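# What the coordinates show
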Amino acid sequence: MIFEPRDAKSGDIVRIKIGSIYHYGIFVSEEEVIQFGRPPVGEPHAKEDIVVCVTDIDEFSKGFIVEVGVLDKKEKKTAKKTKEILSFARSRIGSGGYNLVHNNCEHFVNECVFGKKISYQEFNETDFIYQQSTRHPDETSQNEISVQENSLSEDLEENKLNGSQDSICDDLESLQM
């Protein structure tokens, strides 16, 4: 999937970029975007207060450029129909269980559209950890890799709890060099 600034249609995945991270939602109309949590602009939110919610496109975008996910041929074959996407997204309104690494806004939109909770930025973090650990294989044990992985996750959680603007549901991208 590629993302482009363009007019969204009902059922599209939309995202905004804040710094080096992305926040995702499901576009229904100009008056309705369903998202897991809100962009980290303004007051920080406690993890337990982050739920699937509805805003209009202006509240979603916070003045940032809205990009729309453009599905490739394979993705179009596996994507749910618009009515199913919207029904599932609406059924989740009010749901919580937010986890920066394993249950964030990118997981939410992919579950709505493809039926699978997945975050490509999560994989990018894992790839980053793996690449760092394989640079000197003789010097890096599996335990050290696990410690690095846990440390990164803790740092991400701490940044989110402290309200850092670089912490949003998908700030894993900021770990890439």
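How each quantity is defined
- Here, residues in each chain are numbered from 1, in the same order as that chain's written sequence.
- In keeping with the predicted nature of the model, local features appear solely for residues at pLDDT of at least 70, side-chain atom pairs appear and are counted solely at 80 or more, and the whole-chain, interface and lining totals rest on all residues.
- To get the side-chain values, take all heavy atoms of the structure and skip hydrogens and water.
- Only buried residues count toward a nonpolar core, which is a set of Ala, Val, Leu, Ile, Met, Phe, Trp, Tyr and Cys residues joined through side-chain atoms within 4.5 Å.
- Burial status follows relative accessibility: with a 1.4 Å probe on protein chains alone, a residue under 20% of its type maximum counts as buried, one over 50% as exposed, and anything between as partly exposed.
- Helical segments are the DSSP runs of H or I of at least four residues, strand segments are the runs of E of at least two, and each set is numbered from the N terminus.
- Pairs of residues are marked as contacts when any of their non-hydrogen atoms sit within 4.5 Å.
- The pairing criterion is simple: DSSP has to find at least two bridges between the two strands.
- Every angle, taken between N-to-C directions, lies between 0 and 180 degrees, and every axis is a line fitted to C-alpha atoms, over only the stretch in contact when it is a helix.
- Each reported salt bridge corresponds to a side-chain nitrogen of Lys or Arg within 4 Å of a carboxyl oxygen of Asp or Glu.
- Detection works on a 1 Å grid of protein atoms alone, calling trapped sets that fit a 1.4 Å probe cavities and calling open sets with protein on both sides within 12 Å along at least five of seven lines pockets, with lining residues defined by an atom within 4 Å of a point.
- Grid points are joined across faces, edges and corners, and a volume is the space filled by probe spheres set on the points.
- Under the convention adopted here, Pro, Cys and the residues Ala, Val, Leu, Ile, Met, Phe, Trp and Tyr are nonpolar, Asp, Glu, Lys and Arg are charged, and Gly plus all remaining residues are polar.
- This arc is taken over the directions from the axis of the helix to the C-beta atoms.
- Across the chain, each position has a pLDDT score giving the predictor's confidence in that residue, from 0 to 100.

### Regarding the nonpolar core
Counting residues in hydrophobic clusters, the biggest one holds 21 residues, and the most contacted among them are Ile13, Tyr24, Ile26, Phe36 and Phe108. If you list the elements that add at least two residues to this core, you get β3 (21–29), β4 (32–36), α3 (82–91) and α4 (105–114). Counting residues per element, this core draws most heavily on α4, at 6 residues. With residues near it in sequence (within four places) discarded, Ile13 still touches Met1, Phe3, Tyr24, Gly25, Ile26, Glu67, Val68, Gly69, Val109, Asn110, Val113 and Phe114. Val14, Ile16, Ile21 and Phe60 belong to the second largest nonpolar core, which has 10 residues in total.

### Considerations on unusual backbone geometry
Unlike most non-glycine residues, Lys62 shows phi in positive territory, near 50 degrees. Inspection of the secondary structure puts Lys62 in the loop between α1 (57–61) and β6 (66–70). Classification of Lys62 by relative accessible area gives partly exposed; the value is 31%.

### Re the sheet that holds strand β5 (residues 52–55)
Spatially, β1-β6-β2-β3-β4-β5 is the arrangement adopted by the 6 strands of the open sheet, whose pairing is antiparallel. Looking at the sheet topology across the chains shown, the edges are occupied by β1 (2–4) and β5. Along the sheet, successive strands turn relative to each other by an average axial angle of 35 degrees, direction set aside. Across 4 bridges, the pairing between β3 and β4 is antiparallel.

### Comments concerning the pattern of salt bridges
The full count for this structure, using the stated rule, is 6 salt bridges. In this structure, the salt-bridge partner of Glu32 is Arg90, at a minimum N-O distance of 3.0 Å. Placement of Glu32 in strand β4 and of Arg90 in helix α3 is noted, with a sequence separation of 58 residues between them. For Glu32, a relative accessible area of 17% corresponds to the buried category. For Arg90, a relative accessible area of 38% gives the class partly exposed.

### Looking at the layout of surface pockets
Estimates place the volume of the largest pocket at around 360 Å³. Lining the largest pocket are 17 residues, with Lys9, Gly11, Asp12, Leu71 and Lys76 sitting closest to its centre. Elements represented by at least two residues in the lining of the largest pocket include exactly β6 and α3. Residue composition of the lining of the largest pocket, grouped by class: 7 nonpolar, 4 polar and 6 charged.

### Digging into α3
Quick reminder: α-helices carry 3.6 residues per turn. Residues three or four places apart thus point the same way. Among the residues of α3, those classed as buried are Ile85, Leu86 and Ala89. Buried residues along α3 cover an arc of 90 degrees about the axis, so they all sit on one side. The outward face of α3, more than 90 degrees from its buried face, is lined by the exposed residues Lys83 and Ser91. On its buried face, α3 sits against β3, β4, β5 and α4.

### Regarding the confidence of the model for the chain
Of the residues in the chain, 64% reach a pLDDT of 70 or more, and the chain-wide mean stands at 76. Per-element confidence in the chain ranges from a low mean pLDDT of 45 for helix α6 (residues 142–161) to a high of 98 for α3. Contacts from residues 125–177, a stretch scored under 50 in pLDDT, to residues over four places away or in other chains number 83 contacts.

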